[in-house]
Amino acid sequence: MAITQHKIGSGFDRHSTADDVLAGIDLTGKNVLITGGYSGLGLEATRALSRAGAHVVVPARRPATATQALYGIPRTEVHELDLADPDNIRVFSDRFLETGRPLDIVIGNAGVMAYPNTPIGPGWEPHFAINHLGHYALVNRLRPALAGARVVSVASSGHFLSDIRWDDPHLRHGYDHWLAYGQSKTANALFAVHLDALGAAEGVHAFAVHPGSILTPLQRRIPREQQIAQGWITPEGRPADGFKTPAQGAATAVWAATSPPLDQYGGAYCQDCDIAEPATTDDMLVGGVKPWAIDPGSASRLWALSGELTGLDRFS
Ligand SMILES: NC(=O)c1ccc[n+]([C@@H]2O[C@H](COP(=O)([O-])OP(=O)(O)OC[C@H]3O[C@@H](n4cnc5c(N)ncnc54)[C@H](OP(=O)(O)O)[C@@H]3O)[C@@H](O)[C@H]2O)c1
């Protein structure tokens, strides 16, 4: 079924913060899991969700760093999880399921950009493996805890850079880290489309979001000169015009995780705390969604490919 991509007049916009979109929403007693919820946008989301009363599970590649970053934020817990390691995902998920706790919200937020081209596991391209396959495996393994849950996949306008490279998803015949990042973010969006279709029967709704452009540790592998040349920072090191603060950057994911009217727009790609319009330009700062990121046929094909690669499909 085609995904609806038009604004619904949420009342929020690109200036809204995660606290703004949660005003009046009581998450007491709700369990949230947010990957990478201890850095950049994830940390801001964790803070806001905790302030709204949620219990926030933060799986972390670096648990000690996460524990330090979350110090003083109530109702948070840290567990080890490396999305590049399928065994580690299995161990984390099994332990979580053993607790018998349901998850009301899952935000697949962790991600890498401009990562070194060091193949993962059986030769997987690292952006595709960490940003997409890791979250695919995690959500599939956590399925018994997900009845009625919202799943938010943190994508990016970076999806403008590449559709899925169907003939060469691991980019073995020509590596470029921007194509790799772009493909992984298209995959994040398509994942939400097909998860929503498969999960609807048990009340699982999924959405993809573009957070905006925000200076965070995500850019740490891009030399400063290149960031200036790309117009991300001024020569003085300040964020360029059009960039959001981390609290604004966390808002769309938190909105997609909690906004009641969104239930009827499953699979949608969101930005600026509303459903995104179709992209009318190639300017990633303007955003919008490209057709290849919401195509139901591609979403189903990617799900099948991801199932083959990970050996997991708990929803079909
Ligand atoms: N910032 C932006 O302008 C922007 C724009 C569009 C989309 N996004 C998306 O927003 C999301 C959050 O990014 P951010 O800007 O907040 O960056 P960030 O501060 O670097 O956060 C990314 C998180 O992902 C975690 N991570 C990386 N590799 C992992 C792995 N193998 N296993 C588990 N966790 C891993 C990182 O953990 P460590 O710190 O331990 O490495 C970190 O906690 C990403 O998906 C990104 O693509 C960001």
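You'll find the structure just up there.
Not measured: the values here are computed from a predicted model.

Novice: Please explain helix H10 (residues 296–310) as it appears in this structure.
Specialist: Count 3.6 residues to each turn of an α-helix, and residues three or four apart come out pointing the same way. Over its 15 residues, H10 extends 21 Å from the first C-alpha to the last, a length consistent with the 21 Å expected when each residue adds 1.5 Å. Of all the positions in H10, only Ser-298, Ala-299, Leu-302, Trp-303, Leu-305, Ser-306 and Gly-307 are classed as buried. At its buried positions, H10 is contacted by helix H5 (126–141) and helix H6 (177–199). Near the N-terminus of H10, the side chain that reaches the backbone nitrogen of Gly-297, with its oxygen 3.2 Å away, is that of Asp-295. Positioned one or two residues after H10, Gly-311 has a phi angle of 70°, which is positive.

Novice: Can you walk me through the site of the ligand in this structure?
Specialist: Not every one of the 31 residues close to the ligand is listed here, only the nearest: Tyr-38, Ser-39, Arg-62, Tyr-181 and Thr-216. Gly-40 places a polar main-chain atom, nitrogen or oxygen, 3.4 Å from an oxygen atom of the ligand. Here Arg-62 contributes a side-chain N or O atom positioned 2.7 Å from an oxygen atom of the ligand. Protein chains shield 97% of the accessible area of the ligand, which is 890 Å² for the free molecule.

Novice: Can you walk me through the pairing of strand S2 (residues 55–60) in this structure?
Specialist: Sheet faces and side chains relate simply in a regular strand, where the side chains alternate between the two faces. Counted residue by residue, S2 has five buried out of six residues, so it is predominantly covered. Taken together, strand S1 (residues 31–34), helix H2 (residues 40–51) and S2 form a β-α-β motif whose crossover is right-handed. Pairing of S2 with strand S3 (residues 76–80), which is carried by five bridges, proceeds in the parallel orientation. Residue Pro-59 lies in a different strand from S3, and its bridge partner there is His-79. Handedness of the crossover joining S2 and S3 through helix H3 (residues 63–69) is recorded here as right-handed.

Novice: Help me out: how do you make sense of helix H4 (residues 86–98) in this one?
Specialist: Its 13 residues give H4 an end-to-end C-alpha distance of 18 Å, which sits within 8% of 18 Å, the value for a rise of 1.5 Å per residue. All of the buried residues in H4 are Asn-88, Ile-89, Phe-92, Ser-93 and Phe-96. The arc enclosing the buried residues of H4, seen along the axis, measures out at 125°, which places them on a common side. Opposite its buried face, H4 presents the exposed residues Arg-95 and Glu-98, each directed more than 90 degrees away. For H4, the elements touching its buried residues are S1, S2, S3 and H5.

Novice: Explanation requested: the sheet that holds S2 in the structure shown.
Specialist: Hydrogen bonds along the backbone pair up the strands of a sheet, which may run parallel or antiparallel. Strands sit in the order S3-S2-S1-S4-S5-S6-S7-S8 across an open sheet of eight strands; the sheet is mixed. Taken across any chain shown, the strands that pair with only one partner, and hence form the sheet edges, are S3 and strand S8 (274–275). As paired strands, strand S5 (residues 150–154) and strand S6 (residues 205–210) are joined by five bridges and run parallel to one another. Residue pairing across strands places Val-151 opposite Ala-206, the latter belonging to S6. Helix H9 (residues 251–258) rests against strand S4 (105–108), S5, S6, strand S7 (269–271) and S8 of the sheet, and its axis sits at about 160° to S5.

Novice: Help me understand the packing of H5 against H10 in this model?
Specialist: Helix packing geometry: the angle between the two helix axes and the distance between the axes. In contact at an axis separation of 10 Å, H5 and H10 are set at 85° when each is read in the N-to-C sense. When the axes of H5 and H10 are compared, the pair comes out roughly perpendicular. Contacts between H5 and H10 pair Phe-128, His-132, Leu-133, Tyr-136 and Asn-140 from the former with Leu-302, Trp-303, Leu-305, Ser-306, Gly-307, Leu-309 and Thr-310 from the latter. Residues that form the contact of H5 with H10 fall into these classes: seven nonpolar, five polar and no charged.

Novice: Honestly, the packing of aromatic side chains in this entry has me stumped. Any pointers?
Specialist: Aromatic rings considered in pairs are described by the distance between their centres and by the relative angle of their planes. Counted according to the given criterion, the structure contains six aromatic pairs. On the basis of an interplanar angle of 90° and a centroid distance of 6.1 Å, the ring pair of Trp-178 and Trp-232 is categorised as edge-to-face. Taken together, the residues Trp-178 in helix H6 and Trp-232 in the loop between helix H7 (224–229) and helix H8 (246–249) connect sequence positions 54 residues apart. Ring centres of Trp-303 and Phe-315 lie 6.0 Å apart, and the angle between their planes is 85°; on these two criteria the pair is classed as edge-to-face. With Trp-303 in helix H10 and Phe-315 in the segment after H10, the pair connects residues that are twelve residues apart, well separated along the chain. Connected via pairs of aromatic rings, a cluster forms that spans Tyr-136, Phe-191, Trp-303 and Phe-315. Between the NZ or CZ atom of Lys-290 and the centre of the ring of Phe-160, over which it lies, the distance is 4.9 Å.

Parameters at a glance
- Along every chain, residues carry numbers that run from 1 in the direction the sequence is written.
- Whole-chain, interface and lining totals are the exception, using all residues; otherwise, since this is a predicted model, local features are given only for residues with pLDDT of at least 70 and side-chain atom pairs are given and counted only at 80 or more.
- To get the side-chain values, all heavy atoms of the structure are used, and hydrogens and water are removed first.
- Every helix listed is a DSSP run of H or I at least four residues long, and every strand listed is a run of E at least two residues long, numbered separately from the N terminus.
- To estimate how far a helix should reach, multiply one less than its number of residues by 1.5 Å.
- Throughout this description, buried means an accessible area under 20% of the type-specific maximum (1.4 Å probe, protein chains only), exposed means over 50%, and partly exposed covers the range between.
- Contacts are assigned to residue pairs with any non-hydrogen atoms lying within 4.5 Å of each other.
- By the criterion applied in these results, polar contacts are pairs of N or O atoms within 3.5 Å in which, for protein atoms, one can donate a hydrogen and the other can accept it, and in which residues neighboring in sequence qualify only through two side-chain atoms.
- The criterion for a residue being near a molecule or strand is simple. One of its heavy atoms has to lie within 4 Å of it.
- Surface accessibility in these figures is a Shrake-Rupley result with a 1.4 Å probe; residues are shielded only by whichever protein chains are displayed.
- Here a crossover is taken to be right-handed if, once the strands point away from the viewer, the path from the first strand over the helix to the second is traced clockwise.
- A pair of strands is treated as paired once DSSP finds two or more bridges between them.
- What the arc describes is the spread of directions from the helix axis to the C-beta atoms.
- Axes here mean lines fitted to C-alpha atoms, for a helix over just the part in contact, with angles spanning 0 to 180 degrees between N-to-C directions.
- Throughout this description, any angle smaller than 35 degrees is read as roughly parallel, any larger than 145 degrees as roughly antiparallel, any in the 65 to 115 degree range as roughly perpendicular, and the remainder as oblique.
- Note on residue classes: Ala, Val, Leu, Ile, Met, Phe, Trp, Tyr, Cys and Pro are nonpolar, Asp, Glu, Lys and Arg are charged, and everything else, Gly too, is polar.
- Paired rings are identified among Phe, Tyr and Trp, the last through its six-membered ring, by centres lying within 6.5 Å, and are further divided according to the angle between planes into stacked (under 30 degrees), edge-to-face (over 60) and tilted (the rest).
- Charge over a ring is defined by NZ of Lys or CZ of Arg lying within 6 Å of the ring centre and within 35 degrees of the ring normal.

On their own, these measurements won't tell you what the molecule is for.
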